Structures are given as C-alpha cells and as structure tokens.
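# Residue-level structural notes
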Amino acid sequence: GAGVSQTPSNKVTEKGKYVELRCDPISGHTALYWYRQSLGQGPEFLIYFQGTGAADDSGLPNDRFFAVRPEGSVSTLKIQRTERGDSAVYLCASSLTGTPYNEQFFGPGTRLTVL
Amino acid sequence: GIQVEQSPPDLILQEGANSTLRCNFSDSVNNLQWFHQNPWGQLINLFYIPSGTKQNGRLSATTVATERYSLLYISSSQTTDSGVYFCAVARVSNDMRFGAGTRLTVKP
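The text that follows walks through the structure, step by step, so that each part is easy to find. (Residues numbered from 1 in each chain as written. Chains lettered and ligands numbered in written order. Predicted model: local features only at pLDDT ≥ 70, side-chain atom pairs only at ≥ 80, totals over all residues. Heavy atoms only, no water.)

### A few points about the overall build of chain A
Assigned secondary structure in chain A consists of 0 helices and 11 strands. If you list the helices and strands of chain A from N to C, you get β-β-β-β-β-β-β-β-β-β-β. At 13 Å, chain A has a C-alpha radius of gyration in line with the 13 Å of a compact globule built from 115 residues. In terms of overall dimensions, chain A has a C-alpha envelope of 35 × 25 × 25 Å along the principal axes. (Helix = DSSP H or I, 4+ residues; strand = E, 2+ residues; numbered from the N terminus. Rg over C-alpha atoms; globule rule 2.2 N^0.38 Å.)

### What about the state of the cysteines?
Residue and element names in this part refer to chain A. The tally for this structure, following the rule as stated, stands at 2 disulfides over all chains. Each disulfide pairs two cysteine sulfurs, and for Cys 23 the partner residue is Cys 92, the sulfurs being separated by 1.8 Å. Across the S-S bond linking Cys 23 and Cys 92, the dihedral sits near -65 degrees, which makes this disulfide left-handed. A residue pair is termed long-range when its members are at least 10 positions apart, and Cys 23 in strand β3 (residues 19-24) and Cys 92 in strand β9 (residues 88-95) qualify at 69 residues. On the basis of relative accessibility, which here comes to 0%, the residue Cys 92 falls in the buried class. (Disulfide = S-S within 2.5 Å. Buried < 20%, exposed > 50% of the residue type's maximum accessible area, 1.4 Å probe, protein only.)

### Section: the pattern of salt bridges
Where charged atoms of side chains with opposite charge meet at close range, the side chains can pair. By the definition in use, this model includes 5 salt bridges over all chains. Note that B:Arg58 is salt-bridged to B:Asp81, the shortest N-O span being 2.9 Å. Taken together, the residues B:Arg58 in the loop between β6 (52-56) and β7 (59-64) and B:Asp81 in the loop between β8 (69-74) and β9 (83-90) connect sequence positions 23 residues apart. Here B:Asp81 falls in the buried class, since its relative accessible area comes to 8%. A salt bridge links B:Arg97 to B:Asp95, with the shortest nitrogen-to-oxygen separation between them at 3.0 Å. Each of the salt bridges in this network shares a partner with another, and the network as a whole consists of A:Arg64, A:Glu83 and A:Asp86. (Salt bridge = Lys/Arg side-chain N within 4 Å of Asp/Glu carboxyl O.)

Next comes the structure, spelled out in structure tokens:
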C-alpha cells in the first residue's frame, strides 16, 4: 500500500514569508507526527496528532509554527515569518494508533530553504 | 528526557565485511526502532525491536532492554548499505528520540 507522502519535496522561500507543508499519512493511521531534521543531526520531534487534535505540541520551537489536521487524515505544518534558521528537512510520520508501542513510518520529507 | 547515544559515529567498510552498530539509551523504553536513511533522505524502517532479537536477510538486531542497549548487525555488507543508521526510542510519550546516527560507507 501507499506510504506516507509529503508535498512539496523542496521549498525555497525568502526570509519573512509564510509556508505550508503537507503530509498525507498511511491510510487508516490515526496518529501523525512532525519532525525536523537539521543537517548532520537526527530528527527532532515537533508535534503529534491523535485524530484531529494536537495531543502533544511540546516540540514546536515558537509560536511561528503551527499545525492542523482538520479531518484526522492530511496534516499541514504552517510556518509564519520564516527565518534562515528554519531551513531544514521537515519529516512527517504516522502510526496505526497513538501509543509509544506502535511503529512509526516516515515520509520522504520536505526540504525547506529560507534565503 | 531520554538520551540516545550511537556508536561509532562513522564506519568505513570494504564490501563483504560485517559490522555492528550500537545504541545506548538512558531509560526504559516502550518503542525502539532502527532506521536506514538513504542518500535521498528517506528513513527506511529496518526493525521495530523494543526487546528481543529479530532478523531480516543480512540484517539482524538485538535489544537488551534491562541493560538499555540495542545492536544492529550487518553481514556481508554491500555498497547499497551505505547511508546513515539511526536508532530511535520512545518511552511514555509518543515523540521518538533519535540518536545522532552512524554514517556507514561501504566501499566496492
């Protein structure tokens, strides 16, 4: 079956602009996660959705970052007033249910470059 | 939060050689996964292994939960095994904590 998909694969924007990154999880997976990976490092957790609600947003770096999942499937990560330090690969993952016991599956990522 | 340490940070092998990658973690976990990040950045699931031993072809993994470590074995390495190998763990919350990875280069 289809895996986690993310669009766009690459996004180049200018400092101060607004961007949206989209994630389409594996069909039937109720839990969805966003991570951010900077060059040479492992992914870092941003936010976790169980269904439509954000169950844990403790990893969001500041209030310029926001994510939604209005129908419990597709999610959008929104970044306002982008800064050069936001440049990274943004990864989305999904799991069957929202417990730590479930295996997480990752999408190919969106590479964001802020000029 | 949980600390995850991977070793070695870099590993260079000749094709056909075997290797062992290690992941140490600082607390008990309910989820441990090994991933291979290919040169295009895709994280590929290798093993879901919070405890015990699993094998998949040339790869196998063992997690000794009581001693807080996991090992990933790669036998008869191939050039396509090159990339970064990540260990990630989760305890009570769902956010997975990743190690810094082991960068493997397999030379022909």
